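Residue-level listing of the chains:
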Amino acid sequence: MIDIVKAVQQADPSLGTYVVVLRADARALDGPERLTPDAQAWIDANAPGGRLARVRVLLAPYPGAMPAERDVTVAAFADARQLAAFATTWTGDPLPEAEEP
């Protein structure tokens, strides 16, 4: 994952330091170039200036393999707290809701 982040930062320095590469099946995504309405509302409320981008990077599928171009979806944030809050909220499996006693 660190290699992908470094490749993204080199390919598009305008994204800054605080980026997370999202899997195609991430709950926050409604397609490769769009956040779900809930994820966008979360960013608007909790991470002003956060944005989504598609970046083409050159990556090897495994160490020693020939690198190939790959398009990845990236969420970029102004600071580490915004990135951590987004990752905690949107990249993990949703927690089951607690049942009322």
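Residues numbered from 1 in each chain as written. Predicted model: local features only at pLDDT ≥ 70, side-chain atom pairs only at ≥ 80, totals over all residues. Heavy atoms only, no water.

Some thoughts on the pattern of salt bridges
- Scanning the entire structure with this criterion turns up five salt bridges.
- Put simply, Arg23 and Asp25 hold a salt bridge, and the shortest N to O gap is 2.6 Å.
- Overall, the relative accessible area of 59% leaves Arg23 in the exposed class.
- Between Glu69 and Arg56 there is a salt bridge, with its nearest N and O atoms 3.9 Å apart. One end of the pair, Glu69, is in strand β3 (residues 68-77); the other, Arg56, is in strand β2 (residues 51-59), with 13 residues separating them in the sequence.
- Glu69 gets classed as exposed once you look at its relative accessible area, which sits at 59%. (Salt bridge = Lys/Arg side-chain N within 4 Å of Asp/Glu carboxyl O. Buried < 20%, exposed > 50% of the residue type's maximum accessible area, 1.4 Å probe, protein only. Helix = DSSP H or I, 4+ residues; strand = E, 2+ residues; numbered from the N terminus.)

Describing helix α3 (residues 80-90)
- Listing the buried residues of α3 in full gives Gln82, Leu83, Phe86 and Trp90. All buried residues of α3 lie within an arc of 100 degrees about the axis, which places them on one face of the element. Projecting away from the buried face of α3 at angles above 90 degrees are the exposed residues Arg81 and Thr88.
- Check the buried side of α3 and you find it contacts β1 (18-22), α2 (37-46) and β3.
- At the N-terminal end of α3, a side-chain oxygen is found 3.1 Å from the backbone nitrogen of Arg81, two or three residues along, and the residue is Asp79. (Arc of directions from axis to C-beta. Contact = heavy atoms within 4.5 Å. Polar contact = N/O pair within 3.5 Å; in protein donor to acceptor, adjacent residues only side chain to side chain.)

Focus on the packing of α2 against α3
- In the contact formed by α2 and α3, the axes pass within 11 Å of each other and the chain directions differ by 150 degrees. With respect to their mutual orientation, α2 and α3 come out roughly antiparallel. Here α2 runs over α3; the crossing is right-handed. Where α2 approaches α3, its residues Asp38, Ala39, Trp42, Ile43 and Asn46 are matched on the opposing element by Gln82, Ala85, Phe86, Thr89 and Trp90.
- Its residues placed into classes, the contact of α2 with α3 shows six nonpolar, three polar and one charged. (Axes fitted to C-alpha atoms, helices over the stretch in contact; angles between N-to-C directions. Parallel < 35°, antiparallel > 145°, perpendicular 65-115°, else oblique. Left-handed = near helix turned anticlockwise from the far one by under 90°. Nonpolar A, V, L, I, M, F, W, Y, C, P; charged D, E, K, R; others polar.)

Quick look at the packing of aromatic side chains
- Going through the model one piece at a time under the given rule, you end up with two aromatic pairs.
- On the numbers, 5.1 Å between centres and 40 degrees between planes, the contact of Phe77 with Phe86 is tilted. Each of the two residues, Phe77 as well as Phe86, counts as buried. (Phe/Tyr/Trp six-rings, centres within 6.5 Å; stacked < 30°, edge-to-face > 60°.)

Focus on the environment of Arg70
- With respect to the secondary-structure elements, Arg70 resides in strand β3.
- Distance in space between the C-alpha atoms of Arg70 and Leu58 is 6.2 Å, their sequence separation being 12 residues.
- Setting aside residues up to four positions removed in sequence, Arg70 forms contacts with Ile4, Val55, Arg56, Val57 and Leu59.

Things to note about the pairing of β1
- Counting buried residues along β1, four of its five residues qualify, which places the element largely inside the surrounding structure.
- In terms of strand pairing, β1 meets β3 through five bridges, oriented antiparallel. When the bridges of β3 are listed, Leu22 appears paired with Thr73. (Pairing = 2+ DSSP bridges.)

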